[in-house]
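Spelled out, the chains give:
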Amino acid sequence: MRSLTFSCLALVAFVALSGQAFSATVTVGSCTSPVKFATIQQAVNASPAGTVIKVCPGNYPEQVAIIAKNLTLEGIESETEDAVVILPPAGGLVANTTDVDSGDPVAAQLVVQNAGPVSISNLTVDGTGNGLSCGPDVRGILFQSSSGTVNHVAVRNQVPNGIPNGCQVGQSIWVETAAGHSSTLTIEHSSVHNYNKNGITGNDAGTNLTLTGNYVQGAGVVPNGGAAQNGIQVGFGATGTIKDNIVIDNIYGDPTVAASADILLYDAAENSGITISGNVAGNSQLPIALYTDSVGVYGDGVSVTGNRVFGASTYDGIDVCTNGNTVKGNTIVNSAESGVHLDASCGSTGHNNTVTGNVILESACAGILDDTNGAGGNTITSDIYFTVPFTLTSSTSKCTVAAGPAMLAKAKAMPKVSPAR
C-alpha cells in the first residue's frame with residue numbers, strides 16, 4: 001500500500017510538473033507564473049504554437065523574431081507598473097532579415113515571419129539607441145508574409161541613430177508579403193510616432209490591413225534634406241480598411257522636391273473595396289491622397305467617406321489621382337488649394353469619380369478642383385461650400401493662393417508624393 005501510494009503521488013507530481021513545463025501560458029520577467037524566462041526571445045524559442053507569452057513590466061534590450069509559429073505576446077501589469085518596453089540591445093540593432101521586395105537588409109526590433117496568427121498587445125517598441133545610419137532599415141514591428149493583430153501598442157523612435165535624415169529608412173510598423181503568400185493584419189488602438197520615413201505601411205499584393213482607432217503623428221515640418229514622411233501608406237498592390245484613425249503632422253519643408261501625406265494610397269490594389277472612413281487627418285501637405293503610376297491597373301475604386309480633414313498646407317484636402325472613386329460626406333477645412341482635387345497629373349486620372357455631400361470650408365482656391373474641366377465623367381452633387389473663392393473650377397490660375405502662384409505652379413510640376421518601398 002505504501003509503495004502504491006508513493007507511486008501515485010509521484011505520478012501526480014510528474015503530471016503537475018509536466019503541465020508546468022508545457023503550459024499554454026508562460027511569463028517573461030519576474031512576475032509569478034508556472035514558467036519564467038529572462039528574455040522574450042527565450043520564451044518564443046521554448047514555447048509551442050498557441051502559447052500565450054505574458055511579459056512583465058520592464059525594459060527588454062533585444063531583437064525578437066517569431067518565425068513559423070502562432071503565439072500571443074502580451075504585456076501585463078504588475079502591481080503599479082504597466083510598461084513593457086522592447087529596446088535595441090546595448091550594441092545597437094543588427095540586420096536580422098531582408099526586405100521581401102528589394103532584398104535589402106532590415107534590422108527589425110520585432111519581426112514576425114511566415115507565421116500567424118500572432119497577437120501583440122500592451123507593449124512598447126522603442127528604437128532609441130539603434131546605432132544605425134542609412135542602413136540597414138530600422139523597423140519597429142515587421143510582419144513578413146504573416147498575419148495577426150497589433151492592439152494597444154506604442155511604436156516610436158525608429159529614427160536612424162536618433163538623427164532624422166534623408167535616407168528612406170526608419171519605419172514604425174511595416175507589413176509586406178512575398179509573392180504567392182498573404183498577410184492579413186489588424187492594427188488597432190495603437191500609438192505610432194517619431195518615425196524617420198513612415199508610420200504604418202502595408203505593401204504588396206496579398207497584404208490586407210485593417211487599421212482602426214490608431215494615433216499616428218509625424219514630425220511636423222521636416223526640412224529639405226530629410227525624408228518626406230507618410231503617416232499611413234497602403235501601396236504596391238495592397239488593400240485594406242482605414243477607419244477612425246487620427247493622423248497628423250506629416251509635412252515636407254520643400255514642396256518643389258517632395259510632399260508628405262497623412263494617408264497615402266499609392267498603386268494600391270485595383271477595385272478591391274478599400275475604404276477610408278471616419279478618420280481625422282490634417283496638418284499635412286496632403287491629408288488624404290490617392291495616387292497611381294499605373295493607370296487602370298492600380299488604385300481605382302476607393303471609398304473616402306465621413307472623414308474630417310483640415311490644414312492641407314500646400315495642396316488639397318483630398319487629392320484623387322486615380323479613377324472611379326467615391327468621395328462622400330467628408331468635412332474639409334482650410335486647404336491651400338482645394339477641398340477635393342480630381343487630379344489628372346497621374347496620367348488619365350481624375351475620371352469617373354463621385355463627389356457628393358461633402359462640406360468644404362475655407363480653401364484658398366476651390367471647393368472642388370476638377371482637372372478634367374467637366375469632361376471626365378465625374379458626378380459632383382450636393383456639396384456644401386463656405387468661404388471658398390470658387391465652388392468648382394478646373395484651374396488654380398483663377399485663384400490667388402496663399403503660397404503664391406509662382407511657387408505653387410512649380411510645386412505642382414514636381415512629383416508630389418514620396419511612398420516608401
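Look up: the structure comes first, before these words.
Conventions adopted
Residues numbered from 1 in each chain as written. Predicted model: local features only at pLDDT ≥ 70, side-chain atom pairs only at ≥ 80, totals over all residues. Heavy atoms only, no water. Helix = DSSP H or I, 4+ residues; strand = E, 2+ residues; numbered from the N terminus. Rg over C-alpha atoms; globule rule 2.2 N^0.38 Å. Buried < 20%, exposed > 50% of the residue type's maximum accessible area, 1.4 Å probe, protein only. Contact = heavy atoms within 4.5 Å. Areas by Shrake-Rupley, 256 points an atom, 1.4 Å probe, with all protein chains shown as cover. Disulfide = S-S within 2.5 Å. Polar contact = N/O pair within 3.5 Å; in protein donor to acceptor, adjacent residues only side chain to side chain. Salt bridge = Lys/Arg side-chain N within 4 Å of Asp/Glu carboxyl O. Pairing = 2+ DSSP bridges. Phe/Tyr/Trp six-rings, centres within 6.5 Å; stacked < 30°, edge-to-face > 60°. Lys NZ or Arg CZ within 6 Å of the ring centre and 35° of its normal. Patch = residues over 30% accessible without salt bridge, like charges linked within 9 Å, V, L, I, M, F, W, Y side chains within 5 Å. Axes fitted to C-alpha atoms, helices over the stretch in contact; angles between N-to-C directions.

Caption draft 1: Seen up close, the overall build of the protein chain. Within the protein chain, the regular secondary structure consists of 3 helices and 39 strands. The C-alpha radius of gyration computed for the protein chain amounts to 24 Å, which stays within 12% of the reference 22 Å derived for 421 residues, consistent with globular compactness. The principal-axis extents of the C-alpha atoms in the protein chain amount to approximately 100 × 40 × 40 Å. Put simply, the protein chain has 421 residues, and 53% of those count as buried. Considering only intrachain contacts with a sequence separation of at least 6, the fraction spanning at least 24 residues in the protein chain is 74%. Here the protein chain displays about 16000 Å² of accessible surface, and carbon together with sulfur accounts for 56% of that area.

Caption draft 2: Spotlight on the state of the cysteines. Applying the stated criterion across every chain yields a total of 3 disulfides. Across a sulfur-sulfur distance of 2.2 Å, C31 and C56 are joined as a disulfide pair. Of this pair, C31 sits in the loop between β1 (25-28) and β2 (36-37) while C56 sits in the loop between β3 (52-55) and β4 (58-61), placing them 25 residues apart in sequence. The residues C31 and C56 share a single accessibility class, namely buried. Between the sulfur atoms of C321 and its disulfide partner C346 the distance amounts to 2.1 Å.

Caption draft 3: Representation of the side chain of T292 within the structure. Here T292 shows up in the loop between β27 (286-291) and β28 (303-305). A distance of 2.8 Å separates polar atoms of two side chains, one belonging to T292 and the other to D267. Not counting residues within four places of it along the chain, the set of residues in contact with T292 comprises D267, Y298, C321, T322, C346 and T349.

Caption draft 4: Focus on the pattern of salt bridges. A full pass over the atoms with the stated rule returns 10 salt bridges. Where K54 meets E74, a salt bridge forms, and the shortest distance between an N and an O atom there is 3.3 Å. With K54 in strand β3 and E74 in strand β6 (residues 72-75), this residue pair connects regions lying 20 residues apart in the sequence. For K54, a relative accessible area of 24% translates into the label partly exposed.

Caption draft 5: Layout of the pairing of strand β17 (residues 191-195). As paired strands, strand β14 (residues 154-158) and β17 are joined by 4 bridges and run parallel to one another. Opposite A154, over in β17, you have S191 as the bridge partner. As paired elements, β17 and strand β20 (residues 215-222) share 3 bridges and run parallel to each other. Bridging across to β20, H193 finds its partner in Q217.

Caption draft 6: Just the packing of aromatic side chains, in detail. Tallied over the entire structure, the rule returns 1 aromatic pair. One cation-aromatic arrangement involves R421 over F236; the distance from NZ or CZ to the ring centre is 4.2 Å.

Caption draft 7: Inspection of a nonpolar patch on the surface at higher detail. A surface patch of nonpolar side chains, about 250 Å² in accessible area, is lined by L361, I384 and F386. With respect to the element layout, L361 can be found in strand β35 (residues 359-363).

Caption draft 8: Summary view of the sheet that holds strand β11 (residues 124-126). Taken in spatial order, the 12 strands of this open sheet run β4-β7-β11-β14-β17-β20-β23-β26-β29-β32-β35-β38, and their pairing is parallel. Every other strand in the sheet has two partners, leaving β4 and β38 (384-386) as the edge strands with one partner each. The mean angle between the axes of side-by-side strands here comes to 15°, regardless of whether they run parallel or antiparallel.

Caption draft 9: Quick look at the environment of S303. Its location among the elements puts S303 in strand β28. Given the relative accessible area of 23%, S303 is considered partly exposed. Note: C-alpha distance between S303 and K328 (25 residues apart in sequence) is 7.9 Å. With sequence-adjacent residues up to four places away left out, S303 is seen in contact with I274, T275, I276 and T326.

Caption draft 10: Focus on unusual backbone geometry. A cis amide bond, omega -5°, links G116 with the succeeding residue P117. With respect to the helices, strands and loops of the structure, P117 is situated in the loop between β9 (105-113) and β10 (118-121). Phi is positive for N114, which is not a glycine, with a value near 45°. Along the chain, the position of N114 falls in the loop between β9 and β10.

Caption draft 11: Structural context of the environment of T39. Of note, T39 is situated in the loop between β2 and α2 (40-46). Judged by relative accessible area, which is 25%, T39 ranks as partly exposed. Those residues within four positions of T39 in sequence are excluded, and the remaining contacts are V28 and E62.

Caption draft 12: Just the pairing of β9, in detail. The element β9 is largely enclosed, with a buried count of 8 among its 9 residues. Pairing analysis gives 2 bridges linking strand β8 (residues 97-98) to β9, with the strands arranged antiparallel. Considered in β9, the bridge of T98 is made with P105. Taken together, β8 and the strand that follows it, β9, pair antiparallel across an intervening segment of 6 residues, in which G103 is found at a positive phi of about 80°. With 7 bridges connecting them, β9 and strand β12 (residues 137-144) associate as parallel partners.

Caption draft 13: Up close: the environment of V221. For V221, the position within the fold is in strand β20. Apart from residues lying up to four places away in sequence, V221 is in contact with I251 and G253.

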